[in-house]
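# A structural walkthrough
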Amino acid sequence: MIGMANSDLSRRRFLGLAAVQSAAALGLERIALGSEQDSDSLPSFVPALVVGSGYGGAVSALRLGEAGVRTLVLEEGKLWNEPGPDGEVFCSVLDPDRRSTWLRTRTQTPLGTFLWLDVVNRDIERFTGVLDRVEHPNMAIYQGRGVGGGSLVNGGMAVVPERRALRRALPTVSPESMYERYFPRARRQLGVNEISPAWFEHTEWYRYARVARRHANRAGLDSVLVPNVYDFAHMRREAEGEAPRSALAAEVIYGNNYGKRSLDRTYLADAVGTGNVRIESLRRVRSVRREPDGTLVVSVRRIDESGTVLESREVGCRWLFLGAGSNGTTELLLRSRETGSLPELSEHLGQGWGTNGNVMFGRSNPLWDPTGGRQSTIPVVGIDDRNNPHGPVFAESVPLPAGVETFVSLHLAITENPERGRFVFDSASDSARLLWDPDQGQPSVTAARATFDPVNRANGTIYRRDLFGDTRAFEDRFTYHPLGGCVLGAATDGHGRVRGCPGLYVTDGSLIPGAVGVNPFVTITALAERNVEHVLAADIGVRR
Ligand code: FAE
């Protein structure tokens, strides 16, 4: 973006978005500009290859494309642009169908029951849907699937961490460079915006968040309005009946049809708009090997929309950027090391994994304190207890868009749980397995209680015990924010170069060791910006 005129930028985005639209109209699995659109096979060699199209992958693709490097992006999920039978691309949380869930026959929300009743999840057809839940013993990892990765399914909360949290997570990264250069660059390119405080204060759609804030304030806690990538001007038009509804129509974890500035509309559209980047969807990268001349070769499987493998191919490249997310990138590297194709990879691989201290819980409100039957799905309030002596807590007020009054205040707390898990390769299942004990979530629960027990006492509220299948009040057996596995400065060098394999880079959330204190995607994006800038200059010979 730097040094580029606005008209060039908007032209590039226009071209990229047009390519996305026409790919959808033609039913193509690939997005590219010009003649490449017509070629239907993978090249046997590309200068740069990016695996995965979430935050890390999208940053790498854009900056490589801008630098004039021909780049191929391989994404396992779908290109989400074709309308389903209801005329929409994505389904809502209230009426999920096969588009919701990755290769399962039942939806898998973390909040599985209400009044202990199994009323939330639905049977569905097996399909390459947009939200995946990867089951490990004692821990489930949620992740987005499709061109845009997690940006398709997440809540869009765009939070810059405090300096001390950043220093704890990434001690070797200069905070000055992050706060002065890479966080602003990431926020700009992601399209971060803020809700109007005046509108927030009176709209019925955020009553639930105001109630949560008031309860926290009564216990002496601060709260903040959190920036987001959802277009708040669009949301206000939704409220006024002037724009199609998405955040106000119970859309979020299975995708937003309108309003969300997901990566396919920002970074990836701009990447394609450079004319140097091509994205292929429904391509699962399985492993990496290195030829004697340094060429990196990935093995790729093309899958159909039911997950069946159609063909296997190899593609060679000079520079390989892994952005398959914490679970995906770590698995790919572990498989490559353990099956002998990249035997030199570091012993630190797989280590330093954490949940970002995620723990979810609900509180039951008294009948005179309703949270509202109409709730925007885009969270905007963070209860900020980052100075708690028992450990910092940043808890979002999570919507429960049931369409009826539930009297529930739902929270996802981000705590600085110091526990770390480790991925190992399980050759029997040919996949990575996470080693995580059930009691490793306890520090998250303890920290959340230190913040929210006083909130309950101050407001006469109690924890709900009917939401997570059994009678537990705190759900710490899943994470929305998996981090680590290929930690910066351990399995990689200080800029994401994989130790033991020149030309191979990690660019996603697996670089961050387990926690960053707030919702992570702005940090993942900014770190990827920092690393790719360095790699372009030092390894690929491009200066901006
Ligand atoms: P990610 O975005 O997960 O992208 C990885 C991509 O790689 C995916 O598209 C995969 O399909 C693809 N892939 C995986 N394996 C392969 C393979 N072998 N071959 C080809 N492609 C592959 O990675 N964070 C926030 O900051 N704010 C929020 O409000 C927020 N809300 C969330 C809500 C939900 C429901 C979820 C699930 C997550 C949320 N997050 C939020 C977390 C955020 O989305 C996540 O940290 C980032 O998406 C991680 O970015 P990565 O680049 O690491």
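Residues numbered from 1 in each chain as written. Predicted model: local features only at pLDDT ≥ 70, side-chain atom pairs only at ≥ 80, totals over all residues. Heavy atoms only, no water.

### Focus on the site of the ligand
The cut-off we apply is this: Throughout, the term near means that a residue has one or more heavy atoms lying within 4 Å of the molecule or strand in question. Between N or O atoms, a polar contact is any pair within 3.5 Å; within protein, one atom must be a potential hydrogen donor and the other a potential acceptor, and residues adjacent in sequence are included only when both atoms are from side chains. The Shrake-Rupley method, run with a 1.4 Å probe sphere, supplies the accessible areas, and residue values consider only the shown protein chains as cover. By definition, any uninterrupted DSSP run of H or I lasting at least four residues is a helix, any uninterrupted run of E lasting at least two residues is a strand, and each is numbered from the N terminus. Following the grouping adopted for this structure description, the nonpolar residues are Ala, Val, Leu, Ile, Met, Phe, Trp, Tyr, Cys and Pro, the charged ones are Asp, Glu, Lys and Arg, and the polar ones are all others, Gly among them.
Around the ligand there are 35 residues in total, and Glu75, Gly150, Met157, Gly509 and Phe521 lie nearest to it. At a separation of 3.2 Å, an oxygen atom of the ligand approaches a polar backbone atom of Gly156. The fraction of the free accessible surface of the ligand (1000 Å²) that becomes covered by protein chains is 95%. Of all the secondary structure elements, the ones that give two or more residues to the shell around the ligand are helix 2 (55-66), strand 5 (139-144), strand 8 (283-290) and helix 11 (521-538). With three residues, the top contributor of residues to the shell around the ligand is strand 8. Broken down by class, the residue content of the shell around the ligand amounts to 13 nonpolar, 16 polar and six charged.

### What to know about helix 6 (residues 207-218)
Where we set the bar: Here a helix's expected span is defined as the number of its residues, less one, multiplied by 1.5 Å. Per-residue accessibility, obtained with a 1.4 Å probe over protein chains only, is compared with the maximum for each type, and a residue is labelled buried under 20%, exposed over 50%, and partly exposed between these values.
With 12 residues, helix 6 ought to run about 16 Å at 1.5 Å a step, and its terminal C-alpha atoms sit 16 Å apart, in line with that. Burial in helix 6 covers these residues: Tyr208, Ala209, Arg210, Val211, Ala212, Arg213, His215 and Ala216. With its phi angle positive at about 80°, Gly220 sits one or two positions after the end of helix 6.

### As for the UniProt feature "domain: Glucose-methanol-choline oxidoreductase C-terminal" (unreviewed entry) in the protein chain
For the record, the criterion: UniProt positions are given in the numbering used here, feature names are shortened, and annotations may be inferred rather than shown by experiment.
Feature annotation in UniProt assigns "domain: Glucose-methanol-choline oxidoreductase C-terminal" (unreviewed entry) to the following positions: residues 478-528. As annotated, residues 478-528 comprises 16% helix and 10% strand, and the C-alpha atoms at either end are separated by 25 Å.

### Describing the side chain of Asn417
Stated formally: Contacts are assigned to residue pairs that have any heavy atoms within 4.5 Å of one another.
Within the secondary structure, Asn417 is located in the loop between strand 14 (408-415) and strand 15 (422-426). Among the polar contacts made by the side chain of Asn417, one reaches the side chain of Ser444 at a distance of 2.9 Å. When neighbours within four sequence positions are excluded, Asn417 is seen to be in contact with Gly357, Gln440, Gly441, Pro443 and Ser444.

### Thoughts on the packing of aromatic side chains
Selection rule: Here the aromatic set is Phe, Tyr and Trp, taking the six-membered ring for Trp, and pairing holds for ring centres within 6.5 Å; pairs whose planes are under 30 degrees apart are stacked, those over 60 apart are edge-to-face, and all others are tilted. Sitting over a ring, as applied to charges here, requires NZ of Lys or CZ of Arg to be within 6 Å of the ring centre and within 35 degrees of the ring normal.
One pass over the full model with this rule turns up 16 aromatic pairs. Relative to Tyr480, the ring of Tyr142 lies with its centre 5.3 Å away and its plane at 80°, an arrangement referred to as edge-to-face. With Tyr142 in strand 5 and Tyr480 in the loop between strand 19 (478-479) and strand 20 (504-506), this pair connects stretches of sequence that are 338 residues apart. The exposure class of Tyr142 is buried, given its relative accessible area of 3%. With a centroid separation of 5.1 Å and 50° between ring planes, the pair formed by Phe361 and Phe474 is classed as tilted. On the criterion of sequence distance, the pair formed by Phe361 in strand 11 (residues 358-364) and Phe474 in strand 18 (residues 474-475) is long-range, its members being 113 residues apart. Comparing Phe361 with Phe474 shows no difference in burial state: the two are buried. Put simply, the rings of Trp199, Phe200, Tyr206 and Tyr208 touch in pairs and so form one group of aromatic residues. When the ring centre of Trp80 is taken as reference, the NZ or CZ atom of Lys78 above it lies at 5.1 Å. A cation sits over an aromatic face here: Arg98 above Phe127, 3.9 Å from the ring centre.

### Quick look at the environment of Leu367
Within the secondary structure, Leu367 sits in the loop between strand 11 and strand 12 (381-385). Its relative accessible area of 67% is what places Leu367 among the exposed residues. Residues Leu367 and Phe407, 40 residues apart in the sequence, show an inter-C-alpha distance of 7.0 Å.

### Things to note about the environment of Ala324
Summarising the element assignment, Ala324 is placed in the loop between strand 10 (309-322) and helix 9 (325-338). In this structure Ala324 comes out as partly exposed when scored by relative accessible area, which is 25%. Placed 172 residues apart in sequence, Ala324 and Gly496 show a C-alpha to C-alpha distance of 14 Å. Look past the residues within four positions of Ala324 in its chain and what remains in contact with it is Val51, Gly52, Thr329 and Asp508.

### Focus on the confidence of the model for the protein chain
Just so we agree on the cut-off: Confidence scores per residue from the predictor, reported as pLDDT, run from 0 to 100.
When pLDDT is averaged along the protein chain, the result is 94; 95% of the residues meet or exceed 70. Per-residue pLDDT stays below 50 along residues 35-39; that stretch engages in 11 contacts with residues further than four places along the chain or on separate chains.

### Observations regarding unusual backbone geometry
When glycine is set aside, most residues are seen to have a negative phi, and most peptide bonds are trans. Although it is not a glycine, Trp116 adopts a positive phi angle of roughly 60°. When you line up the elements, Trp116 lands in the loop between strand 3 (71-74) and strand 4 (131-136). Trp116 gets classed as partly exposed once you look at its relative accessible area, which sits at 48%. Look at Leu282: it is not a glycine, yet its phi comes out positive at around 55°. Considering the arrangement of structural elements, one finds Leu282 in the loop between strand 7 (277-280) and strand 8.

### Comments concerning the pairing of strand 3
Here is the rule: A strand pair is defined by DSSP finding two or more bridges across the two strands. Whether a crossover is right-handed comes down to one check: with the strands pointing away from the viewer, does the path from the first strand over the helix to the second run clockwise; if it does, it is right-handed.
With burial as the criterion, each face of strand 3 is covered, one bearing Thr71 and Val73 and the other bearing Leu72 and Leu74. Alignment of strand 2 (residues 45-51) against strand 3, held across four bridges, turns out to be parallel. The residue of strand 3 that forms the bridge with Val50 is Val73. Read from strand 2 through helix 2 to strand 3, the crossover connection turns out right-handed. Note: strand 3 against strand 7, four bridges, orientation parallel. Residue Val73 lies in a different strand from strand 7, and its bridge partner there is Ile279.

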